[in-house]
Amino acid sequence: MSRGQRVPQGLVDQPDLTPAAVQAKGWAMNILLVGSGGREHALAWKIAASPLVGRLVTAPGNPGIAALCETRPIKVTDVEALVALAQEIAADLVVVGPESALERGLADRLAELGIPCFGPTQAAAQLETSKAFTKDFTARHNIPTAAYGVFEAAGPAKAFLDGFTAPYVVKADGLAAGKGVVIAESRAEAEAAIDDMLGGRFGQAGARVVIEEFMTGEEASLFALSDGQAAMLFGVAQDHKRAFDGDRGPNTGGMGTYSPTPILTPALMAEAEQKMIAPTVAGMAAEGHPYRGVLYAGLMLTPTGPKLVEYNARFGDPECQVLMLRLKSDLVPYLLAVATGTLDQLPAPQWHDEAAICVVLAAPGYPDAPVTGSVITGLEQDFGPDVAIFHAGTERAADGSLRAAGGRVVNVCARGVDLTEARAKAYDAVAKIDWPEGFHRTDIGWRAL
Ligand code: AMP
Ligand code: GLY
């Protein structure tokens, strides 16, 4: 990447943010990307490929990201150090991967300094960080979702269960590392979950519980960009949350994804945009928390139409990986337009017609107690043009070897003319990686095949 001129201040007023127009002006952006997972490796891969970028720095990054750009060892929750880094590199744009940075107010601090940020403020990120906030918001704006109640005391929460039959859905209000949702098969189990959460198992995140109607149907992830006013659909994917084949085992952060998802038809996407995304973006703006970033809607395709399961204030991981593989357009103009309120000036993104798939290689014991430290080899070989390997939880040991350093460790992604071909390419690549301790699902994409 060559250094060009800095992007001028006042870019906000520039009508034409297309890559060709920006490049013609000789601009070269400085971008700070925040995060360290497979999602951020995929984002760094796509951002680094943009002709608009002069300098890309990722904090903290990972060994895979370090092969693409500069990295700095700053925690995603260290807001002040991240802000200082953004200033140091004269960032034209900060792209925030994980919700933990948003929850701590990184976007708010950057806004105070006038640094464009892709990622919502603390208040807007409540769409992810508070399930009670989101359920009340959906009620105020007539967004289709499960019936619910919010409680701070166990007695009324348990009494509210009377209105439902098993399975019962009990959720901690706040972020609980993916463990805050209990689908209880019996009343006793539901009541125990209520006691557990209100009893302090998740600290402040469990100070309130949400009890919900149980919805049935297939789940899919829908993504939309918003700059606070305008919204634009930005891809679909389907995740596999359970740890083991056949959707068995504990819930995880996601063991694999594919895109597109035949079940989410254009008509259903349009319905979700009209009934969920548009009123959410308008409602957040009207309530004084304009939403700037990517809105990730977890949908349940119920017999009575799509309903919202939850919102996240970030790209899904590993949904982002397949979206980046399929995105034909340059990502950077979209990130910048979201951060500067100019999304209405961009056309809808273009996607490759091919299907993309991501298979997660996880450490033994994931998700409950991942065992880290085992050596992984073979990631650096040439897997061919249609395969991308993203690091999700690796570290470079002192002896130069690559080791497992997290629960989800490596993402093996591939593109093919259809899902069958993409899947064959991905599993061929998985077979070439030498990591006997790791495990993965062998049935990613089964629903669509
Ligand atoms: P959440 O963290 O809210 O997305 O919940 C995690 C998972 O629990 C979802 O992906 C669904 O599989 C399931 N789930 C959450 N809420 C409901 C609900 N109201 N009905 C049925 N399943 C649910
Ligand atoms: N893959 C699910 C998530 O990112 O929340």
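Up top you'll find the structure we're talking about.
Keep in mind that what you see is a predicted model, and the values were worked out from it rather than measured.

1. Here we look at the environment of Lys432
At step 1: Note on placement: Lys432 falls in helix α14 (residues 419-432).
At step 2: Sequence separation between Lys432 and Gly378 is 54 residues, and the spatial gap between their C-alpha atoms is 6.8 Å.
At step 3: Not counting residues up to four positions away in its chain, the partners in contact with Lys432 are Gln381 and Phe383.

2. Considerations on the pattern of salt bridges
At step 1: The tally for this structure, following the rule as stated, stands at 24 salt bridges.
At step 2: The residue Arg208 makes a salt bridge to Asp173 at a minimum N-O spacing of 3.3 Å. On the criterion of sequence distance, the pair formed by Arg208 in the loop between α10 (187-198) and β9 (209-212) and Asp173 in the loop between β7 (168-172) and β8 (181-184) is long-range, its members being 35 residues apart.
At step 3: The buried category is assigned to Asp173, whose relative accessible area is 9%.

3. A word on α14
At step 1: Along its 14 residues, α14 runs 20 Å from first to last C-alpha, staying within 8% of the 20 Å computed at 1.5 Å per residue.
At step 2: The secondary structure elements touched by the buried residues of α14 are β14 (256-259), β17 (355-362), β19 (387-391) and β22 (408-416).

4. Re the side chain of Asn30
At step 1: Summarising the element assignment, Asn30 is placed in strand β1 (residues 29-35).
At step 2: Of the polar contacts made by the side chain of Asn30, one reaches the backbone oxygen of Ile89; its length is 3.0 Å.
At step 3: Among the polar contacts listed, one links the side chain of Asn30 to the backbone oxygen of Ala90, at a separation of 3.3 Å.

5. Digging into the sheet that holds strand β3 (residues 70-71)
At step 1: Taken in spatial order, the five strands line up as β3-β2-β1-β4-β5 in an open sheet, and their pairing is parallel. Strands with a single pairing partner mark the edges of an open sheet, and in this sheet they are β3 and β5 (117-118).
At step 2: Across two bridges, strand β4 (residues 93-96) lies against β5 in parallel orientation. Each residue of the ladder has a partner; that of Val94, found in β5, is Cys117.
At step 3: Helix α4 (residues 79-88) contacts β1, β2 (53-60) and β4 of the sheet and is inclined by roughly 165 degrees relative to β1.

6. Structural notes on the packing of aromatic side chains
At step 1: As enumerated under the stated definition, the model contains 11 aromatic pairs in all.
At step 2: Here the aromatic rings of Phe151 and Phe160 are separated by 5.0 Å at their centres, their planes lie at 50 degrees, and the arrangement is tilted.
At step 3: Here Phe151 falls in the buried class, since its relative accessible area comes to 14%.
At step 4: With a centroid separation of 6.1 Å and 40 degrees between ring planes, the pair formed by Phe223 and Phe315 is classed as tilted. You can see Phe223 sitting in strand β10 (residues 218-227) and its partner Phe315 sitting in the loop between β16 (305-312) and α12 (319-326), a full 92 residues away along the chain. The same class applies to Phe223 and to Phe315, which are both buried.
At step 5: Aromatic ring contacts, followed pair by pair, group Phe118, Phe223, Phe234, Tyr296, Phe315, Tyr334 and Trp351 into a single cluster.

7. Quick look at the packing of helix α2 (residues 38-48) against α12
At step 1: The contact between α2 and α12 brings their axes to 8 Å, and the two run at 15 degrees. The pairing of α2 with α12 is recorded here as roughly parallel in orientation. The chirality of how α2 crosses α12 is left-handed. Mapping the contact onto sequence places Gly38, Arg39, Ala42, Leu43, Trp45 and Lys46 in α2 and Cys320, Gln321, Met324 and Leu325 in α12.
At step 2: In terms of residue class, the contact of α2 with α12 is made up of six nonpolar, two polar and two charged.

8. Notes on the site of ligand 2
At step 1: Within the structure, ligand 2 sits among Asp239, Gly253, Tyr296, Asn312, Arg314, Gly316, Asp317, Pro318 and Glu319.
At step 2: One of the backbone nitrogen or oxygen atoms of Gly253 is found 2.8 Å away from a nitrogen atom of ligand 2.
At step 3: One of the side-chain N or O atoms of Arg314 is found 2.8 Å from an oxygen atom in ligand 2.
At step 4: For ligand 2, the accessible surface in isolation is 200 Å², of which the surrounding protein chains cover 88%.
At step 5: For the shell around ligand 2, a count of residues per class yields two nonpolar, three polar and four charged.

Quick notes on the rules
Residues numbered from 1 in each chain as written. Chains lettered and ligands numbered in written order. Predicted model: local features only at pLDDT ≥ 70, side-chain atom pairs only at ≥ 80, totals over all residues. Heavy atoms only, no water. Helix = DSSP H or I, 4+ residues; strand = E, 2+ residues; numbered from the N terminus. Contact = heavy atoms within 4.5 Å. Salt bridge = Lys/Arg side-chain N within 4 Å of Asp/Glu carboxyl O. Buried < 20%, exposed > 50% of the residue type's maximum accessible area, 1.4 Å probe, protein only. Expected span 1.5 Å × (residues − 1). Polar contact = N/O pair within 3.5 Å; in protein donor to acceptor, adjacent residues only side chain to side chain. Pairing = 2+ DSSP bridges. Axes fitted to C-alpha atoms, helices over the stretch in contact; angles between N-to-C directions. Phe/Tyr/Trp six-rings, centres within 6.5 Å; stacked < 30°, edge-to-face > 60°. Parallel < 35°, antiparallel > 145°, perpendicular 65-115°, else oblique. Left-handed = near helix turned anticlockwise from the far one by under 90°. Nonpolar A, V, L, I, M, F, W, Y, C, P; charged D, E, K, R; others polar. Near = heavy atom within 4 Å. Areas by Shrake-Rupley, 256 points an atom, 1.4 Å probe, with all protein chains shown as cover.

Worth remembering: the numbers are spatial, not functional.
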